[in-house]
Amino acid sequence: MDPGVMSYSKINTYKGCPFSYFLGYGLGVIVPDNPALALGSMLHTHAKRFWDINYKSVDKFVGAFRGMYLQRVFGKLKNHQPVAFKYKDEPWIRLKQGEKMIELFYRQNIRNKEREKRPILLEKQVRAPFRGFRVLGKLDRVDELKARKKGPKKIIIDYKSDKIVPVDELEANFVYSSQFVIYRIIHKHEFKENADVYVWYLRIGRMFLIKPKPNDKNCLEKLLIEVTDDIKKDKFPMFKGFHCKSVCEYFKPICKHIKNSDKCILELERMIRKGKLKVSKNKWKKYLERKKLIFHPVSHQLL
Ligand code: SF4
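These figures come from a predicted structure and were not determined experimentally.

## Some words on the nonpolar core
- In terms of nonpolar packing, the biggest core is built from 39 residues, with F19, I156, I182, Y183, I186, V197 and I210 touching the most fellow members.
- Among the elements that take part in this core, helix α7 (residues 178-191) stands out by supplying 6 residues, more than any other.
- Grouped together as the second largest cluster of nonpolar side chains are 15 residues, A38, M42, A47 and V73 included.

As C-alpha cells, then:
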C-alpha cells in the first residue's frame, strides 16, 4: 500500500496496531467515534471559535459549547458518526469535563483577546518535505511573542484534553513523541523560522515546554523508514491484547469476530460485501484493484 503523506496520527496508529492502520487508512472502515477523541475534537473547534466569535460572557461561551456538544452527541448529524459511549452516564460526564475545560480556557485567554493579542495561526494543516518523505501535521495554534527576550519569537501550542496530565515540565518531556518533531518541521516550512513547542493541558490550564532533543530528527527519520517500508510491503498483522476491548473502536464490529489473523482479511471482505461493515467507497475500490496484484495484507501470502 502506498503510505502517502505521513503524519503523527498515521505513525501512531501503525505502531499501535498495524491491522487498525489497514482498517482506517487502507479501507476507511466507518465505525462510531471514540468518546475521548470526539470530545477533544469539539474542544479544539470551540477553542478556535473563541477567537473568531464575540461571546458576551463566559456563560455564553460555555453555553455555546454545550449546544454544540448536545447536537453532536444526540443530534444525528450527517457528516458525523455516532459516539460510542461505554456506559449510560458517560455523555453527561464528558459534557461536564468539557464545560470545565472550556470555561478555564475562556478565563485564561479573555484578557489577551480584549487586548487584541490574537494567535497568528489557528487549526491549520501544513505539509512539508523531510529527508525524502512528506510529512503533514495540524498546528492547533501559533502565538507570536514579540517581547520575548530569549528563544524563538513564535510558539506552537498543542491542546490536550487527556485525563492523565504531567505534574511538571520534566514529566511532560519524559516520552519522545514524533508529533512535536513534526510540528517543528512544518512550522519551519510555513514561517521559515524556528518555534518552541508547548503542550497546553486543558484540564489543568497549564502549559509545558517540550524541549527538542539532539537526536529528534534522526529518530523521526528512522521511524518513518521503518513504518513506510512495512506499509509498502502490506504488513498489517493484528496486535491483539487487553487494549483492544477497552480502547479500539474496531474491536466490537470486527476483531471480536476474528480469531485467526491469517483468515481475517477474508472474513473482513465477507462482512463488507454483506453490508455488515461500512467502508469508504473509494478506498474499497482501490483495495480491490490492488488486491489483484498484491500479497495477502495480513499473512503476507499471495491471495
Ligand atoms: S481491536 Fe485490537 S487487533 Fe483489532 S484493530 Fe483494534 S487494536 Fe488491532
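## Some words on the site of the ligand
- Taken together, C17, F19, S20, L23, M238, F239, K240, C244, C248, Y250, F251 and C255 form the complete shell of residues around the ligand.
- Among the elements that make up the shell around the ligand, the one with the highest residue count is helix α2 (residues 18-27) (3 residues).
- Grouping the amino acids of the shell around the ligand by side-chain chemistry returns 10 nonpolar, 1 polar and 1 charged.

## Overview of the environment of S177
- Following the sequence through the fold, S177 ends up in the loop between α6 (169-172) and α7.
- Judged by the 19 C-beta atoms lying within 10 Å of it, S177 is partly exposed.

## Here we look at the confidence of the model for the protein chain
- Put simply, the protein chain has an average pLDDT of 91, and 95% of its residues get 70 or more.
- Under a pLDDT of 50 for its full length, residues 299-303 has, in the predicted model, 9 contacts with residues more than four places off or in other chains.

Here is what the cut-offs are and how they apply
Residues numbered from 1 in each chain as written. Predicted model: local features only at pLDDT ≥ 70, side-chain atom pairs only at ≥ 80, totals over all residues. Core = buried A, V, L, I, M, F, W, Y, C linked by C-beta atoms within 7 Å. Buried ≥ 20, exposed ≤ 12 C-beta atoms within 10 Å, placed from the backbone. Helix = DSSP H or I, 4+ residues; strand = E, 2+ residues; numbered from the N terminus. Near = placed C-beta within 6 Å. Nonpolar A, V, L, I, M, F, W, Y, C, P; charged D, E, K, R; others polar. pLDDT = per-residue confidence, 0-100. Contact = placed C-beta atoms within 7 Å.

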